[in-house]
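So you can see what is in the structure, the chains are spelled out below.
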Amino acid sequence: NDILNKVKVILPSIDYIDFKQYESSMRQMIDNYIGAEESRVLANFDDMSLIELLAKKGKAALDKLPEDIKGNQDLMAETIENNVRRKIMERNLENPEYYRKMSELLAEIIRNRKNSAQAYEEYLKNIIELTKKVINPEESGGYPAAVNTPAKRALYDTFSQNEDLAIRTDGIIRATRKDGWWSNLQKQRAIDEPF
């Protein structure tokens, strides 16, 4: 009898709401107060991001932005800056030192814009140059001809522009690297052995 009383107490406390009785009212509220129109294209970037377009086409890429953004210089600047910042964060692991410098350049450009230290045309010129450096670091002009791969560029920047050290380190890594080393104990041991 005690168990039966406990079951009677437990059953009413189950938090279950049967929504079937409210379904028609909810459907009516949705139909009356929530509307959805067909989607429309605001901007066609030809399968490229905004900063890729800026790097490739320069100021002409800004014509592809929606009208409400193009009409507001501050909104357009913030849109560009947010996209550049996101791309720097995405690519940071490729070459942390290089993208740290790009982040500092972006911060300086933003600071100058907010302090009205430069005209808007000058701001656009600087931000477009920065997007080119972010998207195509190999074309930024700061790398020697022998530093011709992303790995060598990352080593070159990490070693304070020491070309010889970057090239030698890249060669050692390529010579000792073994595919699948992380899942093979014998290959891990071979990598750990001194030269």
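Above this text sits the structure in question.
About the thresholds
Residues numbered from 1 in each chain as written. Predicted model: local features only at pLDDT ≥ 70, side-chain atom pairs only at ≥ 80, totals over all residues. Heavy atoms only, no water. Patch = residues over 30% accessible without salt bridge, like charges linked within 9 Å, V, L, I, M, F, W, Y side chains within 5 Å. Areas by Shrake-Rupley, 256 points an atom, 1.4 Å probe, with all protein chains shown as cover. Salt bridge = Lys/Arg side-chain N within 4 Å of Asp/Glu carboxyl O. Helix = DSSP H or I, 4+ residues; strand = E, 2+ residues; numbered from the N terminus. Buried < 20%, exposed > 50% of the residue type's maximum accessible area, 1.4 Å probe, protein only. Expected span 1.5 Å × (residues − 1). Arc of directions from axis to C-beta. Contact = heavy atoms within 4.5 Å. Axes fitted to C-alpha atoms, helices over the stretch in contact; angles between N-to-C directions. Parallel < 35°, antiparallel > 145°, perpendicular 65-115°, else oblique. Nonpolar A, V, L, I, M, F, W, Y, C, P; charged D, E, K, R; others polar.

Caption draft 1: View of a nonpolar patch on the surface. Residues Met 29, Ile 30, Tyr 33 and Ile 34 make up a contiguous nonpolar surface patch of about 500 Å² in total accessible area. Of note, Tyr 33 is situated in helix H2 (residues 23-33). Residue class for Tyr 33 comes out exposed when judged on its relative accessible area of 69%.

Caption draft 2: View of helix H7 (residues 120-135). Here H7 is 16 residues long and its end C-alpha atoms lie 22 Å apart, about the 22 Å a rise of 1.5 Å per residue gives. Burial in H7 covers these residues: Tyr 120, Tyr 123, Leu 124, Ile 127, Ile 128, Leu 130, Thr 131, Val 134 and Ile 135. In a view along the axis of H7, the buried residues occupy a sector of 160°, so they form one face of it. Taken together, the buried residues of H7 touch helix H3 (50-57), helix H5 (73-91) and helix H6 (96-114).

Caption draft 3: Up close: the packing of H6 against H7. Contact geometry for H6 and H7: axes closest at 11 Å, N-to-C directions at 170°. Here H6 lies roughly antiparallel to H7, going by the angle between them. Residue-level contacts link Tyr 98, Tyr 99, Met 102, Leu 105, Leu 106, Ile 109 and Arg 113 of H6 to Tyr 123, Asn 126, Ile 127, Leu 130, Lys 133 and Val 134 of H7. Across the contact of H6 with H7, the residue classes break down as ten nonpolar, one polar and two charged.

Caption draft 4: Unusual backbone geometry, seen in detail. The phi angle at Ser 160 is positive, at roughly 55°, despite the residue not being glycine. In this structure, Ser 160 sits in the loop between helix H8 (150-158) and helix H9 (163-176). In the Ramachandran plot, Gln 161 falls in the positive-phi region, its phi being about 60° despite a non-glycine side chain. Note that Gln 161 resides in the loop between H8 and H9.

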